[in-house]
Amino acid sequence: MVNMWWSIGGGIIIFALGMFIFLKPGLIWKLTEEWKSYRADEPSEFYLKTTKIGGILFALFGIIMIMLPVILE
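Residues numbered from 1 in each chain as written. Predicted model: local features only at pLDDT ≥ 70, side-chain atom pairs only at ≥ 80, totals over all residues. Heavy atoms only, no water.

Enquirer: Which residues make up the packing of aromatic side chains, and what are the values?
Expert: Going through the model one piece at a time under the given rule, you end up with 0 aromatic pairs. Above the face of the Phe22 ring, Lys52 is positioned so that its terminal group lies 5.5 Å from the ring centre. (Phe/Tyr/Trp six-rings, centres within 6.5 Å; stacked < 30°, edge-to-face > 60°. Lys NZ or Arg CZ within 6 Å of the ring centre and 35° of its normal.)

Here's what the structure looks like:
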């Protein structure tokens, strides 16, 4: 029973993080990549698209984590 709540809670956190990554890829770039480059003022289109895809996959994994205990019970 306790493991079920850990999975659901973790799934909610991962889903929320995935949605944040999907909705704010420019902010993710500023936090993780901007300081590495002295010439780049903004992220490339490729970076934005791949980060959004990663956010979608992260959110889907969160949904799976939420649903899995319910399905297996």
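Enquirer: Give me the lowdown on the UniProt feature "transmembrane region" (unreviewed entry) in the protein, citing residues and values where you can.
Expert: Mapped onto this structure's residue numbering, the UniProt feature "transmembrane region" (unreviewed entry) falls at residues 6-32 and 53-72. Helix makes up 96% of residues 6-32 and strand 0%. Its end C-alpha atoms lie 28 Å apart. (UniProt positions renumbered as here; feature names shortened; annotations may be inferred. Helix = DSSP H or I, 4+ residues; strand = E, 2+ residues; numbered from the N terminus.)

Enquirer: Pulling in residues and values, what's your account of the UniProt feature "domain: DUF6199" (unreviewed entry) in the protein?
Expert: The UniProt record marks residues 11-68 with the feature "domain: DUF6199" (unreviewed entry), using the residue numbering of this structure. Between the end C-alpha atoms of residues 11-68 there is a gap of 10 Å, over a span that is 78% helix and 0% strand.

Enquirer: I'd like to hear about a nonpolar patch on the surface, residue by residue, with values.
Expert: A surface patch of nonpolar side chains, amounting to about 1100 Å² of accessible area, comprises Phe15, Ile53, Ile56, Leu57, Leu60, Ile63, Ile64, Met67, Leu68, Ile71 and Leu72. Here Ile53 lies in helix α3 (residues 45-72). (Patch = residues over 30% accessible without salt bridge, like charges linked within 9 Å, V, L, I, M, F, W, Y side chains within 5 Å. Areas by Shrake-Rupley, 256 points an atom, 1.4 Å probe, with all protein chains shown as cover. Salt bridge = Lys/Arg side-chain N within 4 Å of Asp/Glu carboxyl O.)

Enquirer: Before we move on, can you summarise the environment of Phe15 with the specific residues and values?
Expert: Looking at the secondary structure, you find Phe15 in helix α1 (residues 2-23). Taking the C-alpha atoms as reference points, Phe15 and Met65, 50 residues apart in sequence, are found 9.0 Å from one another. In contact with Phe15, not counting residues within four places along its chain, are Ala59, Gly62 and Ile63. (Contact = heavy atoms within 4.5 Å.)

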